[in-house]
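# Coordinate analysis (summary)
Residues per chain, in single letters:
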Amino acid sequence: MATPVAPLKCPPPMKATSNGLFQGDNPLDYALPLAIVQICLVLVLTRVLAYLLRPLRQPRVVAEIIGGILLGPSALGRSEKYLHTIFPPKSLTVLDTLANFGLLFFLFLVGLELDPKSLRRTGKRALCIAIAGISLPFLLGIGTSFALRATISQGVNQGPFLVFMGVSLSITAFPVLARILAELKLLTTDVGRMAMSAAAVNDVVAWILLALAIALSGNGSSPFISLWVLLSGAGFVLLCILIGPPIFKWMARRCTDGEHVDEIYVCATLAAVLAAGFVTDSIGIHALFGAFVLGVLVPKEGPFAGALVEKVEDLVSGLFLPLYFVSSGLKTNVATIQGAQSWGLLVLVIFTSCLGKIVGTIVVSLLCKMPMQEALTLGFLMNTKGLVELIVLNIGKDRGVLNDQTFAIMVLMALFTTFITTPIVISVYKPAKLAVTKYKHRTIERKDTSKQVRILTCFYSTRNIPTLINLIEVSRGTAKREGLRVYAMHLMELSERPSAILMVHKVKRNGLPFWNKGEVSDSNQVVVAFETFEHLSKVSIRPTTAISPMNSMHEDIVASAESKRVAMIILPFHKHQRLDGHFETTRTDLRHVNRRVLQQAPCSVGILVDRGLGGASHVPASNVDFTITILFFGGHDDREALAYGMRMAQHPGITLVVVRFVADPAVAGGSVKLDMNQNSSPEDQPQDEVVISGLKQRISNDGSIKYEERTVKDAAETTEAIKSFNRCNLFLIGRMSEGQVVASLNKTSECPELGPIGNLLTSSEFSTTASILVVQQYRSPLSPDALSSLEEGETSDGNESN
């Protein structure tokens with residue numbers, strides 16, 4: 001008699017929380033503590049991989065895809081114990097739900113990045129390139145699908161499989177492409193603009209094709225069901241277009257610049273995203289579509305979109321989105337690709353993917369009369385895959401259209417094509433570097449002072465704008481408008497956050513790095529401030545925005561200074577003043593930008609220590625009444641500071657006080673050797689005397705300039721003498737002053753980029769409300785002292801407040 005077979009028992013569902021180890025519970029048997037362990041593991045691995053891949057300039061999506069594959073059955077998952085402990089089958093539903101929840105809001109952010117108005121403005125060339133970049137890979141994808149169905153994908157539904165393969169090969173990852181272009185500083189080039197426009201069109205078409213693929217892949221036996229799904233989806237989009245924009249515009253109008261966005265509007269929008277996801281999931285497309293459609297419809301201008309991004313992006317892109325890559329990685333088993341046939345199919349898929357995108361784009365680009373180098377670059381850029389590719393593949397896997405082996409092949413194809421993009425583009429089309437411009441006036445000090453002076457002023461936040469505008473006002477000297485031209489550059493960090501790309505799109509017209517003559521929506525108050533000042537003053541000002549990663553921000557500043565032939569770059573100090581008068585570090589990486597500019601600048605450089613020159617607003621020319629003090633010790637930098645001060649003295653509202661420090665003859669004899677160590681060469685001294693002689697002649701004709709000499713014996717006397725001049729509005733000093741007096745001062749300083757005098761003026765023991773401009777004169781090469789002080793400073797970052 002046969003033994004009766006015991007009925008199979010399903011494992012009980014996981015409870016949310018445990019009672020703790022002391023109650024005998026294993027936390028990894030419960031949903032919440034297990035999810036916490038999974039998230040922490042994912043974050044650590046993906047961030048480490050992103051750091052390791054940074055030298056190769058790979059986008060973070062590459063690290064996240066690799067991290068997901070490593071955590072899955074392809075690598076660590078080969079250990080059954082690990083897989084069943086950290087990623088047991090019963091936990092995958094929770095993990096997938098969290099991942100898709102994060103993905104839902106991330107696709108809402110992607111929709112926010114996509115501006116329908118910019119699509120309407122897409123030129124014919126970009127449209128032709130986008131169509132060619134979709135159609136040829138789609139056709140080749142269909143061709144490849146026949147080879148796969150004949151071998152490793154036998155028995156799958158032909159219609160959906162053809163469409164899924166076509167979509168997979170024809171996608172260009174819009175957010176990933178934008179990140180690569182920004183990293184390579186190609187966003188503002190013709191190639192970059194063309195790639196972004198074509199990728200935006202490609203993105204929209206890909207979503208439409210994906211909706212078609214999902215509709216066809218339904219389980220219904222009747223073809224009418226797929227038709228109903230498509231019609232219902234189209235009806236949903238139409239309804240959203242009719243209802244969504246008026247409501248979102250009403251919300252946006254009620255959110256004004258500079259004021260807190262009401263929480264109810266943010267909550268209502270996020271609830272609408274979830275509701276839209278529910279509707280599209282009920283229709284049978286995918287919850288992601290609803291979120292994406294709503295994101296596209298939200299107005300891109302004003303603080304409302306910014307508030308939405310701010311509330312959503314860090315949690316979603318930093319915490320939940322990496323879970324989606326792990327969810328994909330757990331479905332990817334590279335071990336299923338076995339034998340010559342499977343590896344041959346992988347090569348075939350990669351080849352057809354690259355061939356379709358690259359050849360299709362190149363041919364149309366050449367027909368549009370683009371240079372071969374640019375056409376080739378554009379082809380590789382358009383071949384970038386990313387998150388949307390994984391979404392397509394995961395949906396295909398979940399719907400049973402793609403089996404394990406096909407899925408693994410397609411994931412590796414997406415990884416490979418994205419990985420090769422940056423290295424190939426760098427080798428084919430070097431990032432835009434301006435040829436070295438030969439120009440004469442690289443310093444303020446010059447023989448012909450009637451020539452136009454060009455200055456590049458840089459700032460990170462609107463906090464610095466009033467001081468900058470007042471500094472520009474006093475720098476104009478005479479009333480001649482053509483005497484001074486200022487380029488005001490707003491430095492904005494390109495971070496890993498999605499809103500960084502949204503920020504890039506808001507810059508209307510780009511040059512190199514992002515020169516705008518028109519308005520910049522993201523920096524309206526910045527542009528308005530400078531344009532208002534330009535109308536009221538006699539200065540030609542061109543506001544601009546530079547968007548770059550902090551580690552290469554100095555390249556944009558140096559390249560812009562070179563291209564605009566400026567005589568001086570003015571940089572903000574990396575610390576800001578607190579209410580108690582002490583300084584605290586704004587961000588440590590800002591000082592690295594300053595040091596690299598000091599080392600590589602093609603002109604003179606000034607570092608502005610802002611203590612509120614003229615208060616918190618622009619001082620009209622007729623009301624300017626500033627006292628500017630120059631502390632003159634000798635040397636190139638001090639002469640440059642004096643030349644700048646002499647220009648300022650031409651302004652009717654400026655009183656210039658020049659204080660020259662001279663070593664007491666009684667102790668000078670014992671300082672000769674020390675003096676020689678400070679690079680005070682014999683030919684420098686006469687030059688200082690010539691400059692001072694010219695100053696004295698000028699004083700006889702100009703009552704606004706005062707000159708005095710202070711004889712000092714030692715560092716203590718020098719410090720006391722400097723303190724007696726603290727009641728001024730602005731100090732103008734050289735960074736690396738030369739001579740016997742400076743030689744006696746303490747050279748060890750927290751901020752070597754300010755030099756010994758600059759550090760004294762910013763120290764807590766020196767009480768003043770005066771702003772400070774520390775000047776370094778252009779020399780090629782810089783003096784050994786100037787270079788060594790900057791290099792030493794790199795190893796000792798001072799994060800403490802003074």
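Residues numbered from 1 in each chain as written. Predicted model: local features only at pLDDT ≥ 70, side-chain atom pairs only at ≥ 80, totals over all residues. Heavy atoms only, no water.

- Labelled according to an unreviewed UniProt entry, the protein chain appears under the name Cation/H(+) antiporter 18, originating from Datura stramonium.
- Per UniProt, the comment on the protein chain under Sequence similarities (unreviewed entry) is "Belongs to the monovalent cation:proton antiporter 2 (CPA2) transporter (TC 2.A.37) family. CHX (TC 2.A.37.4) subfamily."
- Quoted verbatim from the Subcellular location (unreviewed entry) field of the UniProt record, the comment on the protein chain reads "Membrane". (UniProt positions renumbered as here; feature names shortened; annotations may be inferred.)

### A closer look at the sheet that holds strand 1 (residues 453-459)
- One open sheet accounts for 10 strands, arranged 3-2-1-4-7-12-11-8-9-10; its pairing is mixed. What marks the edges here is a single partner per strand, and that holds for strand 3 (540-548) and strand 10 (705-712). Put simply, the sheet's adjacent strands are angled 20 degrees from each other on average, direction ignored.
- Bridge count between strand 1 and strand 4 (residues 568-572): 3 bridges; the pairing is parallel. In the sheet register, T457 faces strand 4, and the bridge partner there is I570. (Pairing = 2+ DSSP bridges. Helix = DSSP H or I, 4+ residues; strand = E, 2+ residues; numbered from the N terminus. Axes fitted to C-alpha atoms, helices over the stretch in contact; angles between N-to-C directions.)

### What about the packing of helix 18 (residues 465-475) against helix 23 (residues 636-648)?
- Where helix 18 contacts helix 23, the axes come no closer than 7 Å and their chain directions differ by 80 degrees. In this view, helix 18 runs roughly perpendicular relative to helix 23, as classed from their interaxial angle. Contacts between helix 18 and helix 23 involve L471, V474 and S475 from the former and Y644, R647 and M648 from the latter.
- Of the residues that constitute the contact of helix 18 with helix 23, the class distribution is 4 nonpolar, 1 polar and 1 charged. (Parallel < 35°, antiparallel > 145°, perpendicular 65-115°, else oblique. Contact = heavy atoms within 4.5 Å. Nonpolar A, V, L, I, M, F, W, Y, C, P; charged D, E, K, R; others polar.)

### Regarding the pattern of salt bridges
- By the definition in use, this model includes 9 salt bridges.
- As a salt-bridge pair, R60 and E64 come within 3.4 Å of each other at their nearest N and O atoms. With R60 and E64 both in helix 2 (residues 60-71) and 4 residues apart, this pair spans about one turn of that helix. Residue R60 shares its accessibility class with E64, and that shared class is buried.
- The partner of R660 in a salt bridge is E689, with the nearest N and O atoms 2.8 Å apart. Pair noted here: R660 is in strand 9 (residues 654-663) and E689 is in helix 26 (residues 684-701), with a separation of 29 residues, a long-range link. (Salt bridge = Lys/Arg side-chain N within 4 Å of Asp/Glu carboxyl O. Buried < 20%, exposed > 50% of the residue type's maximum accessible area, 1.4 Å probe, protein only.)

### So, the environment of V261
- Tracing the backbone shows V261 in the loop between helix 10 (223-253) and helix 11 (263-283).
- Take V261: its relative accessible area is 8%, and that puts it in the buried class.
- Residues V261 and P303, spaced 42 residues apart in sequence, show a C-alpha to C-alpha distance of 7.4 Å.
- Beyond its immediate stretch of four places on either side in the chain, V261 contacts C255, V266, P303, F304 and A307.

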